[in-house]
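Structural characterization, general
Residues per chain are reported as follows:
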Amino acid sequence: ALEVNQAVQALTLRDLEEHYTNGWYTVFYDGDGVLDFSADVTAVQRLKPGHILVHLQLRAEASSGLGIKISHTLSEDPIRNIRIITPGFEERSEVSPFHPAFVASLQRFSMLRFTEWMHAESKHTPINWTERTTSLHFSQGTTRGVSLEYIVLLVNEVAKSPWISLPVNAPNDYIQSLFSMLASDLRPDLSVYLEL
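Here goes a summary of the coordinates provided. (Residues numbered from 1 in each chain as written. Predicted model: local features only at pLDDT ≥ 70, side-chain atom pairs only at ≥ 80, totals over all residues. Heavy atoms only, no water.)

The subject of this paragraph is the layout of surface pockets. Approximately 1,800 Å³ is the volume attributed to the largest pocket. Taken together, 41 residues make up the lining of the largest pocket; nearest its centre are Ile82, Arg83, Ile84, Phe138 and Tyr150. Secondary structure elements with two or more residues in the lining of the largest pocket: strand S1 (8–12), strand S2 (23–30), strand S6 (66–73), strand S7 (80–85) and helix H1 (90–93). Top contributing element to the lining of the largest pocket by residue count: S7, with 6 residues. (1 Å grid on protein atoms, 1.4 Å probe; cavity = no way out; pocket = protein on both sides within 12 Å on 5 of 7 lines; lining within 4 Å. Points joined across faces, edges and corners; volume = space filled by probe spheres on them. Helix = DSSP H or I, 4+ residues; strand = E, 2+ residues; numbered from the N terminus.)

In this section: the pairing of strand S4 (residues 41–48). Bridging between S4 and strand S5 (residues 51–56) involves 6 bridges; their strand directions are antiparallel. Paired with arginine 46 across the strands is isoleucine 52, a residue of S5. The hairpin turn running from S4 into S5, its antiparallel successor, is 2 residues long, and glycine 50 in that turn takes a positive phi close to 85 degrees. (Pairing = 2+ DSSP bridges.)

What follows covers the sheet that holds strand S9 (residues 161–165). Strand order across the open sheet formed by 3 strands is S8-S9-S10, with parallel pairing between neighbours. Since the sheet does not close on itself, it has two edges, and those belong to strand S8 (111–113) and strand S10 (193–195), each with one partner. The mean angle between the axes of side-by-side strands here comes to 15 degrees, regardless of whether they run parallel or antiparallel. Here S8 runs beside S9; their pairing, made up of 3 bridges, is parallel. Note on S9: the bridge partner recorded for leucine 112 is proline 162. (Axes fitted to C-alpha atoms, helices over the stretch in contact; angles between N-to-C directions.)

Bringing the sheet that holds S4 into the picture now. Adjacent strands of a sheet form backbone hydrogen bonds with each other and so pair up, either parallel or antiparallel. With antiparallel pairing, the 4 strands of this open sheet are ordered in space as S4-S5-S2-S7. The open sheet has two free edges, formed respectively by S4 and S7, since each of these has just one partner strand. In this sheet, adjacent strand axes meet at a mean angle of 20 degrees when their direction is disregarded. Strand direction decides the pairing type here: S2 and S7, joined by 4 bridges, are antiparallel. Bridging from a neighbouring strand, valine 27 pairs with isoleucine 84 of S7.

Moving on, we come to the packing of aromatic side chains. Summed over the entire model, instances satisfying the criterion amount to 5 aromatic pairs. Ring geometry for phenylalanine 98 versus phenylalanine 102: centroids 6.3 Å apart, planes at 45 degrees, classification tilted. With a relative accessible area of 30%, phenylalanine 102 lands in the partly exposed category. Seen in terms of ring centroids, phenylalanine 98 and tyrosine 150 are 6.2 Å apart; in terms of plane orientation they differ by 80 degrees. Their pairing is edge-to-face. Residue phenylalanine 98 is located in the loop between H1 and helix H2 (100–105), and its partner tyrosine 150 is located in helix H4 (residues 148–158); the two are separated by 52 residues in the primary sequence. Clustering of aromatic rings is evident, with ring pairs tying together Phe98, Phe102, Phe114, Trp117 and Tyr150. Cation over ring: arginine 113 sits above tryptophan 163, and NZ or CZ is 4.5 Å from the ring centre. Positioned over the ring face of tryptophan 129 is arginine 132, at 3.9 Å from the centre of the ring. (Phe/Tyr/Trp six-rings, centres within 6.5 Å; stacked < 30°, edge-to-face > 60°. Buried < 20%, exposed > 50% of the residue type's maximum accessible area, 1.4 Å probe, protein only. Lys NZ or Arg CZ within 6 Å of the ring centre and 35° of its normal.)

This part takes up the pairing of S9. Burial analysis of S9 places 4 of its 5 residues in the buried class, the great majority of the element. Where S9 lies against S10, 3 bridges are found, and the strand directions are parallel. Following the sheet pairing, tryptophan 163 is matched in S10 by tyrosine 193.

Let us now look at empty space enclosed by the protein. The final tally for this structure, using the stated rule, is 1 cavity of 30 Å³ or more. What the largest cavity holds in volume is close to 90 Å³. Lining the largest cavity, in full, are Met118, Thr125, Pro126, Arg132, Thr133, Arg144, Gly145, Val146, Ser147, Leu148 and Tyr174. Broken down by class, the residue content of the lining of the largest cavity amounts to 5 nonpolar, 4 polar and 2 charged. (Nonpolar A, V, L, I, M, F, W, Y, C, P; charged D, E, K, R; others polar.)

See below:
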């Protein structure tokens with residue numbers, strides 16, 4: 001929980017005015033508390049707890065983007081799982097976390113290589129299965145890499161075989177856990193390519 005006069009703030013969608021669109025973004029969150037918005041936000045509509053619309057007019061400046069601040073939350077039900085949805089894709093976000101333009105851009109490939117997504121060659125990538133990034137991690141954009149759950153979800157959606165690079169020095173239990181996950185979650189019509 002936050003102490004009195006304490007808040008948590010982050011600036012997201014930074015410096016992306018050429019890659020994102022202006023308009024009404026949907027913000028979903030779980031938990032109980034208050035979210036406030038700043039930076040390029042020009043209007044806010046609080047539809048119900050956990051569902052807010054924010055209007056962005058993105059600028060090309062260092063402090064541009066979507067500022068989000070948790071100004072109050074409850075320790076027994078803290079604000080968590082904040083999701084920001086691009087204008088026009090609220091309904092699709094319930095089916096898939098991937099933007100349709102991104103999915104369409106992958107159709108020309110027969111296989112998708114995830115070395116960079118997994119940061120497999122980075123010293124920051126956990127080599128123990130229990131310490132790896134999962135789909136519940138606060139961000140998929142850190143030096144720890146994208147979760148294997150999201151990788152499997154993506155290749156299943158686009159029907160492309162994954163090329164997965166194992167983290168350097170991954171122990172046997174990591175490899176066995178990966179195989180178990182792929183056997184249970186990957187579409188059976190897809191092949192898997194592994195890189196050690």
